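# Reading the structure
What follows is each chain in one-letter form.
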Amino acid sequence: MTGAAVHPGRAASQAQGRAASPMAGCAERPILRERGQREVFCGLTGIVWLHRKIQDAFFLVVGSRTCAHLMQSAAGVMIFAEPRFATAVMEERDLAGLADANEELDAAVSRLVERRPDIRMLFLVGSCPSEVIKLDLSRAAARLSERYAPDVRILNYSGSGIETTFTQGEDNCLAALVPQLPEAETTSPQLLVVGALADVVEDQFARLFSAMGIETVRFLPPRKARDLPPVGPSTRYLLAQPFLGETARCLEERGAGRIAAPFPLGAEGTTLWLKAAADAFGVDPMRFRSATAAAEARAKRALEPYRAELSGRSVFFFPDSQLEIPLARMLSRELGMALTEVGTPYLHRQHAAEELALLPEDVFLSEGQDVDRQLERARAERPDITVCGLGLANPLEAEGLTTKWSIELLFTPIQGYEQAGDLAGLFARPLDRKTRLKV
Amino acid sequence: MQLTVWTYEGPPHVGAMRVATAMEGVHYVLHAPQGDTYADLLFTMIERRDRRPPVTYTTFEARDLGKDTAALFQTTLREAYERFRPEAVLVGASCTAELIQDDPAGLAKAAGLPVPVIPLELPSYQRKENWGAAETFYQIVRTLAAGRDAAADGNPSSSEGATRHPPLPAGISPARGEIGGFDAAANPSPQALTQSPRLQGCSLEDGGTAGARSISPLVGEMPGRAEGGDAGIDSSAEPEKTAADVHGEAAHFAPREVRRPTCNILGPTALGFRHRDDLVEIRKLLGAIGIDVAVVAPLGASPADIARLGEADFNVVLYPEIAGVAAKWLKRSFGQEFTTVVPIGFGATQDFVAEVRRLAGLPEADERQGEKGEGASTEAGSNLPWFSRSVDSTYLTGKRVFVFGDATHALAAARVATEEFGFTLCGLGTYAREFARDIRAAAREYGVEPLISDDYLDVEQAIVAAQPELVLGTQMERHVAKRLGIACAVISAPVHVQDYPARHSPQMGFEGANVLWDTWVHPLVMGLEEHLLGMFRDDFEFNDGAKPSHLGAGARVAAEPETSAAPASAAAPFPAAAADGETIALGWLTDAEAELRKIPFFVRGKARRNTEKFALERGLSEITVETLYDAKAHYSR
Ligand code: SF4
Ligand code: SF4
């Protein structure tokens with residue numbers, strides 16, 4: 001039993017993985033690649049926040065009882081205001097013949113559209129079972145779109161566990177939106193911020209961009225499905241999330257150009273992110289300073305007390321959302337934490353290049369997962385705080401390791417200046433608790 | 001395709017996980033994609049378990065499909081065995097792996113592990129969580145308990161098999177094609193060698209498998225309640241029967257003075273609704289009667305414990321949904337009788353005690369047991385009977401109660417609600433279709449419509465129509481009730497983190513009856529408070545939109561369900577115009593509307609509907625205060 005290639009049969013396909021195009025400078029950084037048991041959600045989970053973000057969209061998972069159960073368990077709480085997602089659970093008779101499954105799907109959609117006349121966009125979300133039986137959801141979407149046009153637009157993407165890991169579901173969803181975006185009519189450059197952000201964060205960023213004089217800023221995904229941002233060769237896009245490889249590729253097909261930047265986590269990260277956009281739009285440095293200085297100073301002040309608490313503490317990341325690398329950068333540079341292992345499900349070297357350049361030399365990076373081996377490393381390392389998923393957190397706490405649930409980092413606004421302190425607080429609280437509790 | 005948002009039960013492999021996680025020394029290797037690992041959090045978060053469930057997932061990906069998913073399964077199985085060194089291994093597939101048909105059973109056999117391997121075939125597209133738990137427990141029992149018996153008989157082939165070759169699990173034919181892989185048997189680990197003799201009996205024979213392969217253990221009946229009903233277990237257990245007869249006789253004639261009777265407790269699993277607390281209560285109860293507990297399973301049982309299930313005199317089945325099939329098999333194989341009364345509630349606990357005494361061959365108890373304060377001999381008596389008879393509780397009498405849950409808990413709640421609280425049952429249902437027959441029969445007895453559905457929207461509709469004052473249901477019904485402003489207590493899975501309270505909180509036994517009393521009464525408006533609400537309806541704070549005072553401030557979410565068929569809503573004080581030609585639009589006059597608002601919220605919906613029905617039948621187009629009271633008089637006759 002040696003090395004990283006735990007499942008030898010899989011090693012060959014490694015090269016075609018997402019970690020493509022080596023970038024000068026960071027490609028040399030050594031990384032442990034593992035292929036073993038993953039302990040990560042599948043892409044369906046993204047629906048939990050996406051259905052809140054796009055307010056007139058509905059997500060219909062075409063899957064199994066397992067998928068439905070995942071959705072209700074991953075949400076952690078049942079959101080009993082009728083959520084804008086559901087699962088069409090395939091049953092034995094659907095598997096008997098594909099024609100049958102298509103009819104059943106049409107019937108499910110028509111029931112749904114009847115019950116929810118407020119819906120303007122419907123995503124058919126593929127799952128492992130629908131993909132294994134090769135139920136063609138893109139054809140189904142085209143067929144149903146014809147029937148329900150122009151009231152409801154019907155799109156599809158894969159959120160299956162055999163194709164996507166956790167946040168890649170959002171990537172696929174946004175990628176499915178890109179061909180729907182109207183053509184940008186102007187030749188003057190416009191900024192497109194890509195990746196779901198909490199509305200409050202989005203508003204803050206819009207104000208900052210406006211203060212520096214970038215007036216045409218749009219966000220993808222939009223809050224209303226009817227309000228799709230235009231895209232074209234004059235579009236410069238700025239990724240707000242690190243897991244949007246496929247969406248970026250689709251945007252480039254539409255002629256848009258990427259603004260390379262670190263991600264807007266922490267005071268420094270947010271400044272660098274905004275600055276990248278400012279430079280791309282030729283914003284005068286003085287104007288940039290005056291637009292951002294106050295907020296940046298506020299963020300730094302907010303971080304100060306946490307720095308005292310967290311500085312020198314070690315942190316270990318289990319792979320989860322692909323946010324691990326930007327988070328590690330923020331924790332090490334802005335809070336002085338010591339990085340041990342930083343695991344990520346996938347490393348998009350191109351999109352992460354600016355982040356990787358900011359990481360300390362001695363960080364141990366891993367990509368993919370073999371959860372039992374990784375647990376052994378975490379136990380040996382005994383970090384002060386371990387960032388991991390819900391399945392691992394309590395068992396590690398029981399072993400005396402302090403943990404931080406990674407999913408909270410997706411369900412809480414953490415981007416931008418005003419949230420920098422909150423983000424630090426998420427890491428400080430478990431340690432704070434440890435010092436308080438006498439039981 | 002069923003359109004669903006929330007499900008009452010997970011897929012069947014989650015049921016298997018509940019059994020595996022409950023046990024010691026068992027590991028479950030599940031062929032499944034990465035997202036399916038979410039199931040771990042059910043145990044670590046909802047139940048706050050301090051260990052990961054003993055489950056290893058293959059987490060295959062799209063690019064593995066059609067190439068080497070089978071090899072991946074074998075690698076995963078071998079590595080999991082080497083890492084965790086279980087005494088028995090369960091193998092199976094989740095919904096996706098079921099479609100790719102890699103045959104985990106055959107692959108596991110080919111891997112030649114030196115411990116029993118129990119293949120699980122859980123049809124994901126037909127069955128659900130409880131079925132999966134029952135089937136898993138049954139397969140474990142019939143593999144490991146039967147094996148033990150064969151070993152005890154000195155079956156030479158099986159003990160030899162354990163040393164020469166790894167024992168094969170029942171259900172894997174040695175004739176099945178070998179699938180290339182490593183030969184663990186050729187190089188067994190020292191630990192494996194020391195462990196295998198304990199379990200060496202695992203039958204090498206294939207006997208009985210064919211018949212049991214495709215059984216649907218729970219279909220159409222509630223094992224342990226319905227008579228007969230072998231539910232597909234055919235008579236392939238012949239040889240075991242002989243052993244059982246011998247055993248059964250021995251137990252029967254054993255002199256009581258020498259040996260206290262023994263029983264097994266079957267059914268409690270991980271992630272069960274109060275299973276751990278119920279177990280504590282039932283152990284206590286049995287101990288007080290003078291009965292020893294041999295094995296509890298699956299919770300806390302090791303494969304070795306399962307192997308000695310047949311030694312006890314009889315079985316106590318706490319949760320027929322999970323243990324019913326296994327109990328029937330044990331009855332056929334070892335002649336062990338099993339209990340049919342589920343001891344939830346005061347009366348049922350008494351019945352349970354009587355049944356247990358009978359099965360244990362103990363004399364009938366001469367007096368009513370278990371009630372506190374009435375010279376009861378049992379220490380852990382119940383306050384329920386006296387509390388229910390105390391004058392204060394008169395206000396409970398006749399309150400309308402809607403019951404929904406798994407079959408065991410729903411049936412028990414119906415009995416307790418009617419016989420022990422004096423409530424009126426206005427609805428009874430279950431999501432467990434396997435038990436539809438039992439629920440229908442009970443509903444007939446109580447004179448209500450049975451509701452068999454796993455669609456929470458149907459249940460919500462039924463609740464709205466039944467106009468209950470208290471809902472006894474699952475977490476789903478709790479949410480529905482909250483939205484409708486109806487009091488609610490949770491009596492059944494599906495569970496959430498708050499169903500694992502820090503304090504001891506059983507549902508079963510005499511203490512369980514106390515817990516039921518407290519939990520069901522708590523959400524209700526108390527007697528005098530209810531009257532005061534009626535008298536001072538116009539008090540701005542003390543109005544009927546307020547919650548019961550002991551439940552804190554805050555308005556009810558919706559005092560009145562919006563399902564009234566009347567087009568005129570409370571917000572429209574004047575007669576509304578006819579909505580369409582078909583229905584007569586009933587107009588509530590302002591003062592009638594105001595009068596209606598003075599009726600306590602929990603009967604207001606019903607008053608509205610009755611009044612409208614009354615008016616419609618008489619062809620009245622507007623409703624006055626007079627109509628309201630005419631209708632009241634009419635319906636109270
Ligand atoms: S409120 Fe929702 S999330 Fe919380 S316990 Fe109840 S069901 Fe679970
Ligand atoms: S991993 Fe696949 S089968 Fe499992 S929940 Fe996700 S999409 Fe459904």
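About the thresholds
- Residues numbered from 1 in each chain as written.
- Chains lettered and ligands numbered in written order.
- Predicted model: local features only at pLDDT ≥ 70, side-chain atom pairs only at ≥ 80, totals over all residues.
- Heavy atoms only, no water.
- Axes fitted to C-alpha atoms, helices over the stretch in contact; angles between N-to-C directions.
- Helix = DSSP H or I, 4+ residues; strand = E, 2+ residues; numbered from the N terminus.
- Parallel < 35°, antiparallel > 145°, perpendicular 65-115°, else oblique.
- Contact = heavy atoms within 4.5 Å.
- Nonpolar A, V, L, I, M, F, W, Y, C, P; charged D, E, K, R; others polar.
- Pairing = 2+ DSSP bridges.
- Buried < 20%, exposed > 50% of the residue type's maximum accessible area, 1.4 Å probe, protein only.
- Right-handed = clockwise from strand over helix to strand, strands pointing away.
- UniProt positions renumbered as here; feature names shortened; annotations may be inferred.
- Near = heavy atom within 4 Å.
- pLDDT = per-residue confidence, 0-100.
- Left-handed = near helix turned anticlockwise from the far one by under 90°.
- Arc of directions from axis to C-beta.

### Section: the packing of helix α12 (residues 285-310) of chain A against helix α13 (residues 324-335) of chain A
Residue and element names in this part refer to chain A. Between α12 and α13, whose axes approach to 9 Å, the crossing angle comes to 95 degrees. On the basis of their axis angle, the class for α12 and α13 is roughly perpendicular. Each of L303, Y306, R307 and L310 in α12 lies in contact with α13, whose residues at this interface are M330, R333, E334 and L335. Looking at side-chain class alone, the contact of α12 with α13 contains five nonpolar, no polar and three charged residues.

### Quick notes on the sheet that holds strand β6 (residues 262-266) of chain B
Residue and element names in this part refer to chain B. If you trace the four strands from one edge of the open sheet to the other, you get β7-β6-β8-β9, paired in parallel fashion. Looking at strand neighbours, the two that pair on one side only are β7 (292-297) and β9 (337-338), the edges of this open sheet. Relative to β9, strand β8 (residues 314-317) runs parallel, the two being bridged by two bridges. Residue pairing in the sheet places F314 in a bridge with E337 of β9. Sitting on the sheet, helix α11 (residues 275-289) is in contact with β6, β7 and β8, with an inclination near 165 degrees to β6. Sitting on the sheet, helix α14 (residues 346-360) is in contact with β8 and β9, with an inclination near 165 degrees to β8.

### A few points about the pairing of strand β13 (residues 470-473) of chain B
Strand residues, when the strand is regular, have side chains that alternate between the two faces of the sheet. All names here are of chain B. Neither face of β13 is left uncovered, since the one carrying L470 and L472 and the one carrying V471 and G473 both have all their residues buried. Two elements, strand β10 (residues 400-405) and β13, share three bridges in a ladder whose sense is parallel. Bridge pairing in β13 links V403 to L472. The sheet contact formed by β13 and strand β14 (residues 487-490) spans four bridges and is parallel. Its bridge partner lying in β14, G473 is registered against V490. Following the chain from β13 across helix α19 (residues 475-484) to the adjacent parallel β14, one finds a crossover that is right-handed.

### Examining the UniProt feature "binding site: [4Fe-4S] cluster" (unreviewed entry) in chain B
In the numbering used here, UniProt assigns the feature "binding site: [4Fe-4S] cluster" (unreviewed entry) to B:D36. Its place among the elements puts B:D36 in the loop between β2 (26-31) and α2 (39-46). With sequence-adjacent residues up to four places away left out, B:D36 is seen in contact with A:T66, B:H13, B:Y57 and B:S94.

### What to know about the site of ligand 2
If you check the shell around ligand 2, you find 13 residues, and the closest are A:C42, A:C67, A:C128, B:G35 and B:D36. Near ligand 2, the surrounding residues belong to chains A and B. Of all the elements in the fold, those that place two or more residues in the shell around ligand 2 are α3 (65-74) and α6 (128-132) of chain A.

### What about the confidence of the model for chain A?
Predicted confidence across chain A gives a mean pLDDT of 91, with 92% of residues reaching 70 or more. Within the model, pLDDT remains below 50 along residues 1-26 of chain A, and this stretch shows 53 contacts once partners closer than five positions in the same chain are excluded.

### Remarks on the packing of helix α16 (residues 390-398) of chain A against α2(B)
Between α16(A) and α2(B), the least distance of the axes is 7 Å, while the angle of their chain directions is 40 degrees. One way to sum up the angle between α16(A) and α2(B) is to call them oblique. Of the two elements, α16(A) crosses α2(B), and the hand of that crossing is left-handed. Between α16(A) and α2(B), the residues in contact are A:L390, A:G391, A:N394 and A:P395 and B:D40, B:L41, B:T44 and B:M45, respectively. Class assignment of the residues belonging to the contact of α16(A) with α2(B) gives a composition of four nonpolar, three polar and one charged.

### Quick notes on helix α22 (residues 590-597) of chain B
Looking at α22(B), one finds that the buried residues are B:A592, B:E593, B:E595 and B:L596. Around the axis of α22(B), the buried residues are gathered within 160 degrees of arc, so they sit on the same side.

### Here we look at the UniProt feature "binding site: [4Fe-4S] cluster" (unreviewed entry) in chain A
Sites flagged by UniProt as "binding site: [4Fe-4S] cluster" (unreviewed entry) map to A:C42, A:C67 and A:C128. For the annotated residues, spread through 87 residues, the largest C-alpha to C-alpha distance comes to 9.6 Å, consistent with a single compact locus. Among the secondary structure elements, A:C42 is positioned in the loop between β1 (31-35) and α2 (47-53). Overall, the relative accessible area of 6% leaves A:C42 in the buried class. Discounting residues that sit within four places of it in the chain, A:C42 has contacts with A:L70, A:G159, A:S160, A:G161, A:T164, A:T165, A:F166 and B:G35. Mapping A:C128 onto the fold places it in helix α6.

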